[in-house]
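Architecture and fold: a report
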Amino acid sequence: MWRLRRAAVACEVCQSLVKCSSGIKGSLPLQKLHLVSRSVYHSHHSTLKLQRPQFRTSFHQFSSLANLPLRKLKLSPIKYGYQPRRNFWPARLAARLLKLRYLILGSAVGGGYTAKKTFDQWKDMIPDLSDYKWIVPDIVWEIDEYIDLEKIRKALPNSDDLAKLAPDFDKIVESLSLLKDFFTTGHKLVSEVIGASDLLLLLGSPGETAFRATDHGSESDKHYRKVTDKEKIDQLQEELLHTQLKYQRILERLEKENKELRKLVLQKDDKGIHHRKLKKSLIDMYSEVLDVLSDYDASYNTQDHLPRVVVVGDQSAGKTSVLEMIAQARIFPRGSGEMMTRSPVKVTLSEGPHHVALFKDSSREFDLTKEEDLAALRHEIELRMRKNVKEGCTVSPETISLNVKGPGLQRMVLVDLPGVINTVTSGMAPDTKETIFSISKAYMQNPNAIILCIQDGSVDAERSIVTDLVSQMDPHGRRTIFVLTKVDLAEKNVASPSRIQQIIEGKLFPMKALGYFAVVTGKGNSSESIEAIREYEEEFFQNSKLLKTSMLKAHQVTTRNLSLAVSDCFWKMVRESVEQQADSFKATRFNLETEWKNNYPRLRELDRNELFEKAKNEILDEVISLSQVTPKHWEEILQQSLWERVSTHVIENIYLPAAQTMNSGTFNTTVDIKLKQWTDKQLPNKAVEVAWETLQEEFSRFMTEPKGKEHDDIFDKLKEAVKEESIKRHKWNDFAEDSLRVIQHNALEDRSISDKQQWDAAIYFMEEALQARLKDTENAIENMIGPDWKKRWLYWKNRTQEQFVHNETKNELEKMLKCNEEHPAYLASDEITTVRKNLESRGVEVDPSLIKDTWHQVYRRHFLKTALNHCNLCRRGFYYYQRHFVDSELECNDVVLFWRIQRMLAITANTLRQQLTNTEVRRLEKNVKEVLEDFAEDSEKKVKLLTGKRVQLAEDLKKVREIQEKLDAFIEALHQEK
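Counting its regular elements, the protein chain contains 36 helices and nine strands. Here the protein chain, with 978 residues, has 40% of them falling under the buried criterion. Across the protein chain, contacts joining residues at least 24 apart in sequence account for 79% of those joining residues at least 6 apart. For the protein chain, the exposed area adds up to about 57,500 Å²; of that, 52% sits on carbon and sulfur atoms.

Applying the stated criterion to the full structure yields one disulfide. Bridging cysteine 874 to cysteine 892, the disulfide has an S-S length of 2.0 Å. Across the S-S bond of cysteine 874 and cysteine 892 the torsion is about -100°, and the bridge reads as left-handed. Of this pair, cysteine 874 sits in helix 32 (residues 848-874) while cysteine 892 sits in the loop between helix 33 (878-882) and helix 34 (893-937), and the two are 18 residues apart along the sequence.

Let us look at the nonpolar core. The biggest cluster of nonpolar side chains holds 101 residues, and the ones touching the most others in it are Tyr655, Trp678, Trp759, Ile901 and Val928. It is helix 34 that provides the largest number of residues to this core, a total of 17 residues. Discounting residues that sit within four places of it in the chain, valine 928 has contacts with Ile619, Leu620, Val623, Phe699, Val722 and Ser726. Among the nonpolar cores identified, the runner-up in size contains 67 residues, and Val309, Ile326, Val347 and Phe570 belong to it.

Before going further, it helps to examine the environment of arginine 308. Of note, arginine 308 is situated in the loop between helix 12 (282-294) and strand 1 (309-313). By relative accessible area, which is 8% here, arginine 308 ends up buried. With residues up to four places along the chain from it excluded, the contact list for arginine 308 reads Leu290, Leu293, Val413, Val415, Asn446, Asn448, Ala449, Ile450 and Phe570. In this structure the side chain of arginine 308 is engaged in a polar contact, spanning 3.2 Å, whose partner is the backbone oxygen of leucine 306.

Next up on the list: the pairing of strand 6 (residues 412-416). Most of strand 6 is tucked away, with five of its five residues classed as buried. In strand 6, alternate side chains face the same way, and those of Met412, Leu414 and Asp416 on one face and Val413 and Val415 on the other are all buried. For strand 1 and strand 6, the ladder comprises three bridges, and the chain directions are parallel. Bridging from a neighbouring strand, valine 311 pairs with aspartate 416 of strand 6. Taken together, the five bridges between strand 2 (residues 345-351) and strand 6 define a ladder with antiparallel strand orientation. Residue pairing across strands places valine 345 opposite aspartate 416, the latter belonging to strand 6.

Now for the confidence of the model for the protein chain. Averaged over every residue, the pLDDT of the protein chain is 75; residues scoring 70 or more account for 69%. Long-range and interchain partners of residues 1-86, a stretch whose pLDDT sits below 50, account for 75 contacts in this model, where long-range means more than four residues apart. Below a pLDDT of 50 lies the segment residues 269-278, which in the model reaches six contacts outside its immediate sequence neighbourhood of four places, other chains included.

Position of arginine 900 relative to the elements: it lies in helix 34. A distance of 3.1 Å separates polar atoms of two side chains, one belonging to arginine 900 and the other to aspartate 672. If we skip the residues at most four places from it in the chain, arginine 900 touches Val671, Asp672, Leu675, Leu748, Glu749, Asp750 and Arg751.

Going through the model one piece at a time under the given rule, you end up with 41 salt bridges. The salt bridge involving glutamate 324 is made with arginine 330; its shortest N-O contact spans 3.4 Å. Considered together, glutamate 324 and arginine 330 belong to a single accessibility category, that of buried residues. Residues glutamate 720 and lysine 723 are paired through a salt bridge, measuring 3.0 Å at the closest nitrogen-oxygen approach.

This paragraph deals with a nonpolar patch on the surface. Residues Trp789, Trp793, Leu794 and Tyr795 make up a contiguous nonpolar surface patch of roughly 620 Å² in combined accessible area. With respect to the helices and strands, the residue leucine 794 is situated in helix 29 (residues 789-795).

Reading guide: rules and limits
Residues numbered from 1 in each chain as written. Predicted model: local features only at pLDDT ≥ 70, side-chain atom pairs only at ≥ 80, totals over all residues. Heavy atoms only, no water. Helix = DSSP H or I, 4+ residues; strand = E, 2+ residues; numbered from the N terminus. Buried < 20%, exposed > 50% of the residue type's maximum accessible area, 1.4 Å probe, protein only. Contact = heavy atoms within 4.5 Å. Areas by Shrake-Rupley, 256 points an atom, 1.4 Å probe, with all protein chains shown as cover. Disulfide = S-S within 2.5 Å. Core = buried A, V, L, I, M, F, W, Y, C linked by side-chain atoms within 4.5 Å. Polar contact = N/O pair within 3.5 Å; in protein donor to acceptor, adjacent residues only side chain to side chain. Pairing = 2+ DSSP bridges. pLDDT = per-residue confidence, 0-100. Salt bridge = Lys/Arg side-chain N within 4 Å of Asp/Glu carboxyl O. Patch = residues over 30% accessible without salt bridge, like charges linked within 9 Å, V, L, I, M, F, W, Y side chains within 5 Å.

So this is what it looks like as structure tokens:
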């Protein structure tokens, strides 16, 4: 019975092996295989008696023979019935096993040949892709650098090796003698069957021997049974760690090489090798949308909910270092313990051929591979932060936009915020802590903002402030990524390593997060390079107990893994929210357009910049119109303005002192001396001041006068500011005053009146001047003595006691003038005493100073009336003037004086007019242009000067349209990238 069971097992193994080798063509004669198969005793027959053999049995068992070419078989006649059993079972079993060997070897040879033939057919079917290399990434064409195909080819067996696997028929006879001893025990037969099954499994292992002894496998099993489960786990974890680190190094090396290759590919466009036009990168388009949104005032319930990576953390927690590791350059100002980040910095990371950085509002590129450019970039960021911080403050909410491009950088937008502080130190504004909290909350309250929470691992977790703030903004941790920095110091200083694990797993903080990461940001030396920090980080984690003890996973460490995770999260958030944000801006745009049509149906939608350009053109046109003012108009207004400025000096200091002399020679001498002094010191300066004021008045008149229906009062503030600033900057030419002094001196030296018309004009000018002074004098006397009897009766007005005293003194002085109409200008002491006593006799107490003041006005009125009467007499005195007043009692030297003054005014006005039209108007126009250019660059000035609902509505409408267009373009590019 044990022999029958043994044969049955062998039969089942044979059937399974034959079925597995289906489809492999053999090379042995069909007759021999068939005869050997006929001699096998099958234990699964219904009876133990020998029956008629079925020819189909062999074909069913060896299905691979169905594909062989069949030849006619010459079979010997078979007799049916019972035949005596022959004792050849060792031979039959040996033949059976030998047939199994042939099948296995034939399957191996045929399978290798079929695989090679199939590979050649596929290779011929593949088209020539040499012309389409630009479509496939360069890493595909360089795969032979990373996978040794030649080694694989050599590992495959060649024809000689396959020939060696063929059976040696000479040794078959020798083997038959050993089979009898080999199958003496059932244990050995089972081992042989098990070894045969193992043989099939080993066929798929390249580079190893196809046949393996079973006793070696049993020894290996015994060896592994002795190893404990704990040691197995430790060994597997160590192998896994080494494998991951090895994979990490290989991946970084490949990425570095890929970075260089991509850099070369991008540089080829500059050399003209590839003529295709590079499109704007996706992240740059997204960054432009954020820049426009940063200036948008969400006054129409449309808020900025586009994703950003907001970097928050306690002061000196390592926020800046993490950002620099992600950007692969030391781009931020650094300080030991002091606050360096004083305003938010938006950093847009994108891939490019060169590692450069540039600001949003500047065209200068900083080469991040050069230390001098890095120092200049850090200095520029520091200057911009100080500029943003207003006086009396420590931090500012204004954002600095910076773009960083380089090979291999992960595409995303990060915002570095000022570090959260717990105590306000000396030198800080009192509201610094609250301001930092408000800035951080403003960025984190965006429901799509990714919060990168930075925690210093080298300090006690209980001292952290930012974790409470983050847990308030994102209580469920759906958009928070926790980063533990300075893990090397934490592992060195923390007594309990499990505390680090609790921090990483979020069990030590009341906050939840999407992921937890641990990074090392260098050895604390600010001069360390990014490459050195990265090598130190990899070396630390490779030897760290945190990984070996499974406190940390391999994907939770290094800044590189953090960068990849943040980038993936960022783009996932962008794809989920950008279309919803675009729809909200579409609705806002519709509302704004409807509001504009209802309020300003006939006006164009001009924003603040467009309105400024329109006002600029109007102002420049008005400045140009100054050059179109006629010379006559200039001279008239200049002469009139100059006389108004100098008339008081001429009457009070020149004419009256000279006219009070009783001699014509003394009169002319006094006049010449005073005119010379006046010309040398005051007159030229007064003339220049008058000309400058006249130019200002004319410029203001053109700027402010209404232009009819075309006048737009929205420009009034701007025009007034431009006028004031231009006038403030304008300075008159200093050389004009010296040349004007000579001209005025020569004009006043001339005394020759050429004709009667000039004589009459001088008399008219003199009369106007004297009448104006007489009117002023009478007004002064009226104010001094009070209302006369008519006003007292008609308007019920009374005089004060002081006015009564002045009136009595005036009457007394007028009586004295009637007695002596040629009285000199000054009262003598005895005359003052006489007047005072006369007033005291009537009960009026007066002071001598009051008498002198009253006398000045009374005598001045008397003198001006006398001078006006003299002008009437001099109307017919031109004839005597031509004869130099010889044999004539009429002397009109005062008329000659006023003619000299009048002629000097005319010549001065003409000179100033020439200087205005030829020089000063052009200089003023130049100043106006400079002021307008300065205002155009000052956005705050434009906001202050161009205000109103109309301006704000047009400004919001333009921004919403721009945002929507950029969002639509970004969404289209995003779909194309998918």
